[in-house]
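The primary structure of each chain is shown beneath.
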Amino acid sequence: MELDTTSPLLHFAEDKLQIFALSFKALVYILKIRWILKFPAGKDRQAPGGSPDTSAQKGAIHSLFNIALPWEMASTRQHPFFYVQFVIFHIGVAASILMSLLIPYVPEWIAGRAAVVALQSIFAAAFLVGLVRMARRLTDPYIRGISTPDDYFSLALLVVWLGFSFLAAPNDRQSGEWPLLAYFFLTAFFLVYVPFSKISHYLFYPFARWYLGRTLGHRGVYPVKSGARA
Amino acid sequence: MSETRSYKAQKLVERLQVKVNRQIMLSLEACVHCGLCTDQCHYVLSNPGDVTYAPAYKADRIRKLFKAHIDWTGKTLPWWVGAKSVYTDQELEDLKDTVFGKCTNCRRCSLNCPMGVDMAVFNRMARGLLVHVGVMPEGVAVVAKDQWEIGNQMGVLKEDYLETLTWMEEELQSEYNDHSIRIPIDKMDADVVYSINPREAKYDPRTIAEAAAIFHFAGENWTMPSQGWDMTNFGLFNGDDELGGAVGGRLYDAVERLRGKKLVISECGHGFRSTRCEAPNWGKRDVAFPMESAVITMLGYIKQGRIQVDKSKNSEPVTYHDSCNNARSCGMTEEPRELLNLVCSDFREMHPNRAENFCCTGGGGAMSMTEYAPRRLKSARIKADQLKATGAKIVVTSCHNCVDGLFDLIKHYKLDMQVKLLVNLVASALVVPERPSRKMRPLEGYKILVIDDEPDIRVYLGKIFKDQGCLVTEAPDANQGMRAIKADRPDLVTLDLILPYMTGEKLYWELRKDQKTADLPVVIVSGYAAVDSPRIDFFGFLAEKRLPQPNGFLEKPVDPEKLIETVRAVLLEKA
Ligand code: SF4
Ligand code: SF4
C-alpha cells in the first residue's frame with residue numbers, strides 16, 4: 001500500500017474546504033432562487049387566434065436550447081469565432097469544476113496519461129480563450145463601455161483558475177503540492193464568490209430563457225422561422 | 001455626491017420597486033456584458049464608434065438603477081457591479097434621452113442575446129417610470145393625452161370619424177357604381193368587427209375604403225364600431241400599463257357590446273401586438289373572442305375563393321418590410337409573404353428579413369418625438385441601405401407606423417421608392433365580380449328598412465323585397481327604426497305613418513333635419529289617405545315644417561308591382 005504523503009493543508013483544501021464552499025454556494029443559491037420567485041411573474045394572456053404550430057411550451061423549450069443552435073441567431077452566425085470561444089471557455093470551466101470533485105474522491109478516473117492530456121488541452125484552450133476575452137474587454141471600446149470591476153475581476157479569476165487547473169490536472173503530489181493547493185484554494189474562493197458575481201449568470205439563464213421563450217412561443221415567434229436565415 | 005434626491009427621482013425609485021416583475025428582474029440580472037448584441041442594433045450600425053448606442057450600454061443605464069435598489073450585490077458593493085441610483089432631475093433627463101431617444105424597443109437585440117435578456121421590455125418599463133414622474137418627450141405627452149381623453153392617438157373626433165366612413169362609403173359606391181357597398185357602423189352580431197388606426201381616418205382614409213371593398217366583395221358580415229374603434233395603443237410606447245389596459249379595454253368593450261364574433265385589426269404592428277397580446281395583460285382581462293390581423297383575413301378570403309385577385313395588376317418590383325412588432329413580437333412573417341406572392345408579380349425579399357429585419361426606425365413611438373428626428377434619420381442609414389439593395393420600386397409593409405418611418409427615410413436618403421400597405425395591393429389586384437343583371441333582379445343587393453307596427457305588413461313587404469334580392473331589415477316603431485338607420489344606413493326606408501311612441505311623420509321630420517339622413521330615400525306606405533285623413537294630415541305637416549316631399553307615397557293595401565316599380569325608380573334615380 002502506498003503511503004499517503006499529502007499534507008494536512010492539501011487534505012483540508014481538497015475536502016473540507018470544498019464541502020464548505022459548495023455548501024455555502026448551495027445555500028446562497030437557494031436564497032437567490034427564493035428571491036427570484038418573490039418577484040411576481042408577468043402573465044401571458046392573449047386573445048385566441050394565433051399560429052397553430054407553436055405554443056408557449058414549445059417556445060420555452062426552444063429558447064432553453066437556443067444556445068446550442070448557433071445558426072438560430074444572427075449574432076452567433078455572424079460571429080462564429082466568438083461562439084467557438086464561448087464553447088471552449090465554458091467546457092473549460094465545467095471540466096475544472098468536475099476535476100475539483102474527481103481529484104479528492106476518485107483520482108483514479110483521471111489518473112491515466114490520456115485523461116491528463118485531454119484535461120490539460122481543454123484547460124489550455126480555455127485559458128487562451130480567457131486571455132483573448134480579457135484583451136477584448138480591455139481594448140474594444142464597446143465592451144469597455146459596459147464593463148464593471150466585477151466583469152474584469154470575474155474574468156481574471158477564471159483565467160488564473162484555468163491556469164492552475166492546467167497545472168493541477170496531473171495530480172502529482174510528489175513533485176510539489178503548490179499547484180494543487182493553489183487550485184483548490186482558488187476553487188473554494190471561486191465557489192464562494194460566484195453567487196455574488198456575474199458568474200452566477202447560469203443561475204438566471206434557465207429562468208430568463210424560459211420566460212422569454214414562453215412569451216415568444218405563445219405568440220408564434222419561437223421557434224424562429226427558418227426563412228429569416230435565407 | 002449629495003444623497004438627497006429630487007422629488008421626481010424619489011418617486012421614480014419608489015415606482016421602480018413596484019414595476020419590476022420576474023421577467024424584467026431576470027433580464028436585468030442575466031446580462032454577462034458579452035457585447036454580442038452590439039452590432040444587432042440599427043443605431044450602432046448607423047453610428048459606428050458611438051458606444052452610447054450599444055444595447056447593453058443603454059440597458060446598463062436602467063440596470064444601474066436596478067442594481068442600486070434591488071440587487072443584493074449592488075446594494076452592498078455598488079461600485080463593484082456598476083450600481084448607481086438617480087438623484088437629480090438632470091439625471092432623469094439623461095435617462096429619458098436614452099430610453100426614448102436611443103431605442104425603438106424593436107427587440108432585435110433581445111432575439112440575439114444568448115442569455116435571453118429582453119432589453120425592449122425593460123426599456124419600456126423605464127419609459128413608464130419616467131412618464132410616471134412627468135419626464136418624457138413632449139410629443140409623447142400630447143399623444144398619450146389624446147388617447148386618454150379623446151379615445152384615439154390622433155385626437156380624431158367621433159363626428160369626423162363617422163363622416164369619414166360615410167365619405168368613403170359614397171366614394172366606393174360611385175367608384176364601383178354599386179350602392180350595395182356599405183361601411184356598416186355598429187351593426188349587431190357581425191362576424192367581423194373591424195378596427196383601424198386613427199391615421200387612416202385622419203390622413204389615409206383610402207385604406208378604409210379599400211378594406212371595405214374587400215369585405216364587401218368577400219361577402220363578409222362586418223361592421224365598424226362608432227366608438228372604441230382605435231386599435232393603436234400608446235401605452236406600448238410610453239410604458240404606461242394603465243393607459244395600455246384602458247385603450248385595449250375600450251376596443252374589447254366595443255366588440256362585446258356589438259356581440260361581434262371576431263376582431264380584425266387593420267395593418268398596424270404595434271396595434272396588433274398591443275390589442276392581441278399586451279392589453280389583456282396590462283388590463284388584467286381575459287378576452288374570449290378571437291383576433292386577427294387584416295393580413296390574415298385578406299389571405300383567408302383569397303385562399304377560400306371569396307375574392308379573386310389578379311397579380312398582374314401589381315407588376316412593379318415590390319419588397320416587404322417586416323414590422324418589428326409583427327415579426328419579433330407576434331410571429332407574423334409568413335402570411336404577408338404568402339399574400340404578396342398572390343397579389344403582385346415581382347416580389348423581392350429584403351435581407352435580412354422576418355425576425356431579423358431592421359426596424360424602420362420610426363418604431364417605439366419615435367415618430368411622435370420630433371426632437372430626436374435628426375438622430376432617427378441618421379440611424380436609418382442601415383434601413384436605407386437594405387431598401388436600396390432590393391432594387392424594388394415599392395416597399396410594402398403591414399404597419400401604418402412603418403409607413404411613416406419608411407416614408408421619412410426614403411425622402412431623407414432620396415430613394416426612388418413608394419411605400420404601400422398590403423391592403424393597397426390587395427385592393428388594386430381585386431377582380432370585381434360582374435353584378436347580376438338589374439333586369440333579372442331589379443333590386444339585387446339594396447338594403448331596405450321596413451318600418452311598420454303591423455307584423456303582417458312587415459312580413460308581406462319584406463317578402464316582396466327579398467324576392468327581388470334586397471337585404472331587408474325591419475323595425476316595429478319609429479325609435480327602433482331610427483336606431484337601425486344609425487347603425488347600418490339602408491338604401492331606402494318604407495315608412496308607415498301611424499306608429500307607436502313616435503309617429504312616422506315625426507320620424508320623417510327627424511330624418512330630414514339631420515344632415516346625415518336628409519337625403520335618405522323614404523317611401524311612405526300608409527293605410528291613411530294622403531290628404532283627407534282625420535287622424536293625420538301628412539302633407540299639411542310637410543308644408544308646416546317646410547319639409548321636402550317623400551320619395552314615394554303608397555297607400556295600403558300595396559300592390560306588389562307598384563311597390564317594386566316605385567322603389568326601383570327611387571333607387572335608380574339616386575344611383
Ligand atoms: S444583453 Fe445579452 S448579448 Fe447583450 S451584452 Fe448582455 S448578455 Fe451579451
Ligand atoms: S431594442 Fe432595438 S433599438 Fe433598442 S437597443 Fe435593442 S436593437 Fe437597439
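Cut-off values and rules
- Residues numbered from 1 in each chain as written.
- Chains lettered and ligands numbered in written order.
- Predicted model: local features only at pLDDT ≥ 70, side-chain atom pairs only at ≥ 80, totals over all residues.
- Heavy atoms only, no water.
- Axes fitted to C-alpha atoms, helices over the stretch in contact; angles between N-to-C directions.
- Helix = DSSP H or I, 4+ residues; strand = E, 2+ residues; numbered from the N terminus.
- Parallel < 35°, antiparallel > 145°, perpendicular 65-115°, else oblique.
- Contact = heavy atoms within 4.5 Å.
- Nonpolar A, V, L, I, M, F, W, Y, C, P; charged D, E, K, R; others polar.
- Pairing = 2+ DSSP bridges.
- Near = heavy atom within 4 Å.
- 1 Å grid on protein atoms, 1.4 Å probe; cavity = no way out; pocket = protein on both sides within 12 Å on 5 of 7 lines; lining within 4 Å.
- Sits in = over half its atoms within 2 Å of the grid points.
- Salt bridge = Lys/Arg side-chain N within 4 Å of Asp/Glu carboxyl O.
- Buried < 20%, exposed > 50% of the residue type's maximum accessible area, 1.4 Å probe, protein only.
- Buried area = accessible area lost by both parts, 1.4 Å probe.
- Polar contact = N/O pair within 3.5 Å; in protein donor to acceptor, adjacent residues only side chain to side chain.
- Right-handed = clockwise from strand over helix to strand, strands pointing away.
- Patch = residues over 30% accessible without salt bridge, like charges linked within 9 Å, V, L, I, M, F, W, Y side chains within 5 Å.
- Areas by Shrake-Rupley, 256 points an atom, 1.4 Å probe, with all protein chains shown as cover.
- Left-handed = near helix turned anticlockwise from the far one by under 90°.
- Domains from an automatic or database assignment.

Quick notes on the packing of helix 2 (residues 16-38) of chain A against helix 2 (residues 22-30) of chain B
The geometry of a pair of packed helices is captured by two quantities: the angle between their axes and the separation between those axes. Interhelical geometry of helix 2 of chain A versus helix 2 of chain B gives an angle of 135° and a closest axis separation of 8 Å. With respect to helix 2 of chain B, the axis of helix 2 of chain A lies oblique. On helix 2 of chain B, the residues touching Trp-35, Ile-36 and Leu-37 of chain A of helix 2 of chain A are Arg-22, Met-25, Leu-26 and Glu-29 of chain B. When grouped by side-chain class, the residues that make up the contact of helix 2 of chain A with helix 2 of chain B number five nonpolar, no polar and two charged.

Digging into the sheet that holds strand 4 (residues 291-293) of chain B
Residue and element names in this part refer to chain B. The four strands lie next to each other as 2-1-3-4, forming an open sheet whose pairing is parallel. This sheet does not close on itself; its edge strands, each paired only once, are strand 2 (222-223) and strand 4. Here strand 1 (residues 192-195) pairs with strand 2 via two bridges, running parallel. Note that in strand 2 the partner of Val-192 across the bridge is Trp-222. Packing of helix 13 (residues 206-217) onto the sheet brings it into contact with strand 1, strand 2 and strand 3 (263-265), and relative to strand 1 it is tilted by some 170°. This element, helix 17 (residues 294-303), spans strand 1, strand 3 and strand 4 of the sheet and lies at about 80° to strand 4.

Things to note about the site of ligand 2
Residues and elements named next belong to chain B. Neighbouring ligand 2 are the residues Cys-41, His-42, Tyr-43, Pro-55, Lys-58, Cys-103, Thr-104, Asn-105, Cys-106, Arg-107, Arg-108 and Cys-109. In this structure the site holding ligand 2 corresponds to the second largest cavity. Of all elements in the fold, only helix 3 (42-46), helix 4 (55-69) and helix 8 (108-111) reach the threshold of two or more residues within the shell around ligand 2. A per-class count over the shell around ligand 2 returns six nonpolar, three polar and three charged.

Details of the site of ligand 1
Around ligand 1 lies a shell formed by Cys-31, Val-32, His-33, Cys-34, Gly-35, Leu-36, Cys-37, Ala-56, Cys-113, Pro-114, Met-115 and Val-117 of chain B. Using a 2 Å cut-off from the grid points, one finds that ligand 1 occupies the largest cavity.

Describing unusual backbone geometry
Of note, the amide linkage connecting Tyr-222 of chain A to Pro-223 of chain A takes the cis form, showing an omega dihedral of -10°. Along the polypeptide, Pro-223 of chain A turns up in the segment after helix 10 (201-219). The omega angle of the peptide bond from His-351 of chain B to Pro-352 of chain B is -10°, so this bond is cis rather than trans. For Pro-352 of chain B, the location among the structural elements is in the loop between strand 7 (347-348) and helix 20 (373-378). Phi at Asn-177 of chain B is positive, roughly 50°, even though this residue is not glycine. By the element assignment, Asn-177 of chain B lies in the loop between helix 11 (158-176) and strand 1.

A short note on the pattern of salt bridges
Residues and elements named next belong to chain B. A full pass over the atoms with the stated rule returns 47 salt bridges over all chains. We note a salt bridge from Asp-241 to Lys-19, for which the minimum N-O separation is 3.1 Å. On the criterion of sequence distance, the pair formed by Asp-241 in helix 15 (residues 241-257) and Lys-19 in helix 1 (residues 7-19) is long-range, its members being 222 residues apart. Accessibility expressed as a relative area gives 22% for Lys-19, which makes it partly exposed. Of the residues examined, Asp-241 reaches a relative accessible area of 18% and is grouped as buried. Three or more residues joined by partner-sharing salt bridges are found here, namely Asp-322, Glu-334, Arg-337, Glu-349 and Arg-354.

Re the interface of chain A and chain B
Every contact between the two is made by 61 residues of chain A and, on the other side, 70 residues of chain B. Between chain A and chain B, a total of about 5,600 Å² is buried, with carbon and sulfur atoms accounting for 60% of that surface. Among the residues chain A hides against chain B, the three largest losses belong to Arg-45, Tyr-142 and Arg-219 of chain A. Together they make up 15% of the total. Where chain A meets chain B, there are three salt bridges. Connecting chain A to chain B are 26 residue pairs in polar contact (both at pLDDT 80 or more). Where the side of chain A that touches chain B is concerned, the elements lending two or more residues are helix 2, helix 4 (74-78), helix 6 (113-139), helix 7 (141-146), helix 8 (149-168) and helix 10 of chain A. The element that contributes the greatest number of residues to the side of chain A that touches chain B is helix 10 of chain A, accounting for eleven residues.

Considerations on the pairing of strand 11 (residues 447-451) of chain B
Residue and element names in this part refer to chain B. Strand 11 sits mainly inside the fold: five of its five residues count as buried. A two-sided burial pattern is seen for strand 11, the buried positions comprising Lys-447, Leu-449 and Ile-451 on one face and Ile-448 and Val-450 on the other. Note: strand 11 against strand 12 (residues 471-475), five bridges, orientation parallel. When the bridges of strand 12 are listed, Ile-451 appears paired with Ala-475. Tracing the backbone out of strand 11, into helix 24 (residues 455-467) and back to the parallel element strand 12 gives a crossover that is right-handed. Across four bridges, the pairing between strand 11 and strand 13 (residues 492-495) is parallel. Paired with Ile-448 across the bridge in strand 13 is Leu-492.

Quick look at the environment of Glu-91 of chain B
Assignment of secondary structure puts Glu-91 of chain B in helix 7 (residues 89-99). Sequence spacing of Glu-91 of chain B and Ala-9 of chain B is 82 residues, and the spatial spacing of their C-alpha atoms is 8.5 Å.

Observations regarding the environment of Glu-267 of chain B
Residue and element names in this part refer to chain B. When you line up the elements, Glu-267 lands in the loop between strand 3 and helix 16 (269-282). Overall, the relative accessible area of 3% leaves Glu-267 in the buried class. If we skip the residues at most four places from it in the chain, Glu-267 touches Met-231, Val-295, Met-298, Thr-397, Ser-398, Cys-399, His-400, Leu-421, Leu-422 and Val-423.

As for a nonpolar patch on the surface
All names here are of chain A. There is a patch of nonpolar side chains on the surface, built from Ile-19, Leu-22, Leu-101 and Tyr-105 and spanning about 350 Å² of accessible area. Those elements giving two or more residues to the nonpolar patch turn out to be helix 2 and helix 5 (80-105). Mapped onto the fold, Leu-22 is located in helix 2.

Quick look at the packing of helix 15 of chain B against helix 16 of chain B
Residues and elements named next belong to chain B. It is the contact of helix 15 with helix 16, at a shortest axis distance of 8 Å, that shows an interaxial angle of 120°. With respect to helix 16, the element helix 15 is oriented oblique. Once helix 15 is placed against helix 16, the crossing between them reads as left-handed. Between helix 15 and helix 16, the residues in contact are Asp-241, Gly-244, Gly-245, Gly-248, Leu-251 and Tyr-252 and Ser-274, Thr-275, Ala-279, Pro-280 and Trp-282, respectively. Residue composition of the contact of helix 15 with helix 16, grouped by class: five nonpolar, five polar and one charged.

As for the sheet that holds strand 15 (residues 552-555) of chain B
In any sheet, the strands associate via hydrogen bonds between backbone groups, in a parallel or an antiparallel arrangement. Residues and elements named next belong to chain B. The strand order across the open sheet built from five strands is 12-11-13-14-15, with neighbouring strands paired in parallel fashion. With partners counted over all chains shown, the strands left at the sheet margins are strand 12 and strand 15, one partner each. Ignoring strand direction, the axes of neighbouring strands in this sheet form an average angle of 20°. Seen against the sheet, helix 25 (residues 478-487) touches strand 11, strand 12 and strand 13 and runs at an angle of roughly 165° to strand 11.

Some points on the domain arrangement of chain B
All names here are of chain B. Segmentation of chain B into domains returns domain 1 (7-136), domain 2 (148-303), domain 3 (311-426) and domain 4 (447-574). Using only C-alpha atoms to locate each centre, domain 2 and domain 4 end up separated by 32 Å. The partner domain 4 presents eight residues to the six residues of domain 2 that form the contact. When residues of domain 2 are sorted by the area they lose upon contact with domain 4, His-179, Arg-182 and Ile-185 head the list and together hold 55% of the total. Taken together, the links from domain 2 to domain 4 amount to one salt bridge. Arg-182 is paired through a salt bridge with Asp-491; the nearest N and O atoms lie 2.8 Å apart. Taken together, domain 2 and domain 4 are joined by three residue pairs in polar contact (both at pLDDT 80 or more).

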